[in-house]
Amino acid sequence: MGDSRLVRLEIEDGIGTIRLDRPPVNALNKRIQEELREVADAATADPEVRAVILYGGDKVFAAGADIKEMAVMGYSEMSSWGPALTGALDAVARIPKPVVAAVTGYALGGGCELALTADWRVVAEDATLGLPEITLGVIPGAGGTQRLARLVGPARAKELIMSGRFVKAAEALAIGLADKVVPAAEVYATAKAMVEPYVHGPRHALRAAKLAVDGGLDMDLASGLVWESQLFAALFGTEDKTEGMNAFIEKRKPNFG
């Protein structure tokens, strides 16, 4: 995808990096929103992409929405733009492949909501995360209230959202908002190392595992068990299952291709 884009999909060695590039802080405007949706769909569809990294560069992940663009909007405008923004981030969340966010600098507001769409978050030691929308007289509107509560629990999510306070890397790690904290210079490399093992893994089984967990979170236990069983059975029609079980029986390493 061309260099004039604000969001690019860069593919190397089976890893697709979704790269935000709107200096100075990668503020999420309407154009980034639409390009995020496009690259998420591209990463989903491209068989060469086996895992994904969300990355804003070595200085900042994304410091929120474009407030100047939003400040002039009323209910009518936001009632159409809001669901579109939610849909764009949901397209990232629904990429059926392992996804890690590599967070440097700031991940605030919409930027934090984007990081929440990933399966894991690698955060720089000096990074700052948060959902400060309450200080603007609104609430997170692109998945923040829902994904944060599922990740860190409702009570902690309410405190962070209602206060709008910033969260440093150490606290993010302690509460489960971050999965690894490393020096800023090592964030991208660490994120890459996290997903590299999946590049040659069983793509159908990895997809099913993500669908099982994410889908099950929206169901009661009985429904979730049925969902899991259906996905499990479906894998018995894939080359992943054939290769994996044959390799086990033959006492060799599987080659999932």
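Residues numbered from 1 in each chain as written. Predicted model: local features only at pLDDT ≥ 70, side-chain atom pairs only at ≥ 80, totals over all residues. Heavy atoms only, no water.

Draft legend 1. Seen up close, the pairing of strand β1 (residues 7-12). Inspection of the sheet shows β1 paired to strand β2 (residues 15-20) by six bridges, in the antiparallel sense. Pairing of V7 across the sheet is with L20, part of β2. The hairpin turn running from β1 into β2, its antiparallel successor, is two residues long, and D13 in that turn takes a positive phi close to 55°. (Pairing = 2+ DSSP bridges. Helix = DSSP H or I, 4+ residues; strand = E, 2+ residues; numbered from the N terminus.)

Draft legend 2. Looking closely at the environment of A127. With respect to the secondary-structure elements, A127 resides in the loop between β7 (120-124) and β8 (128-130). For the pair A127 and G215, spaced 88 residues apart in sequence, the C-alpha separation works out to 30 Å. The residues touching A127, leaving out its near neighbours within four places in the chain, are V103, T104, G105, V167, K168 and A169. (Contact = heavy atoms within 4.5 Å.)

Draft legend 3. How the structure looks around the pattern of salt bridges. Summed over all chains, the structure comprises 13 salt bridges. One salt-bridge network, in which partners are shared between bridges, spans R8, E10 and D21. (Salt bridge = Lys/Arg side-chain N within 4 Å of Asp/Glu carboxyl O.)

Draft legend 4. Fine view of the side chain of N29. By the secondary structure assignment, N29 is in the loop between β2 and α1 (30-45). A distance of 2.9 Å separates the side chain of N29 from the backbone nitrogen of I32, its partner in a polar contact. The contacts of N29, once residues within four sequence positions are left out, are L6, R22, D66, E69 and W81. (Polar contact = N/O pair within 3.5 Å; in protein donor to acceptor, adjacent residues only side chain to side chain.)

Draft legend 5. Main features of the side chain of E243. Along the chain, E243 turns up in helix α11 (residues 239-249). Judged by relative accessible area, which is 18%, E243 ranks as buried. Of note is the side chain of E243, whose polar atom sits 2.8 Å from the backbone nitrogen of N255. Apart from residues no more than four positions distant in its own chain, E243 is found in contact with R252, K253, P254, N255 and F256. (Buried < 20%, exposed > 50% of the residue type's maximum accessible area, 1.4 Å probe, protein only.)

Draft legend 6. Quick peek at the environment of W227. As for its placement among the helices and strands, W227 is situated in helix α10 (residues 221-234). Overall, W227 belongs to the partly exposed group, its relative accessible area being 24%. Sequence separation between W227 and G237 is ten residues; the distance between their C-alpha atoms is 17 Å. Setting aside residues no more than four positions away along its own chain, W227 makes contact with L211, A212, G215, G216 and M219.

Draft legend 7. Seen up close, the sheet that holds strand β4 (residues 62-63). Across the sheet, four strands lie side by side as β4-β6-β8-β9; this open sheet has mixed pairing. Each edge of the open sheet is held by one strand with a lone partner, namely β4 and β9 (167-168).

Draft legend 8. Expanded view of the packing of aromatic side chains. All told, the structure shown has three aromatic pairs when counted by the stated rule. Consider the rings of W120 and Y198, whose centres lie 5.7 Å apart with planes at 5°: the pair is stacked. With W120 in strand β7 and Y198 in helix α8 (residues 187-199), this pair connects stretches of sequence that are 78 residues apart. With relative accessibility at 24%, the residue W120 sits in the partly exposed group. (Phe/Tyr/Trp six-rings, centres within 6.5 Å; stacked < 30°, edge-to-face > 60°.)

Draft legend 9. Just the pairing of strand β3 (residues 51-55), in detail. Here β3 lies mainly inside the structure; five of its five residues are buried. Judged by which residues are buried, β3 turns out to be covered on both faces: A51, I53 and Y55 on one side and V52 and L54 on the other are all buried. Direction of pairing for β2 relative to β3: parallel, over a ladder of five bridges. Following the sheet pairing, I18 is matched in β3 by L54.

Draft legend 10. Local environment of the packing of α1 against helix α3 (residues 75-93). It is at 8 Å that the axes of α1 and α3 come closest, and there the two elements cross at 35°. Where α1 crosses over α3, the two elements pack in a sense that is left-handed. Here K30, Q33, L36, R37, A40 and D41 of α1 lie close against α3, whose contacting residues are W81, A84, L85, G87, A88, L89, A91 and V92. Taken together, the residues that form the contact of α1 with α3 break down as nine nonpolar, two polar and three charged. (Axes fitted to C-alpha atoms, helices over the stretch in contact; angles between N-to-C directions. Left-handed = near helix turned anticlockwise from the far one by under 90°. Nonpolar A, V, L, I, M, F, W, Y, C, P; charged D, E, K, R; others polar.)

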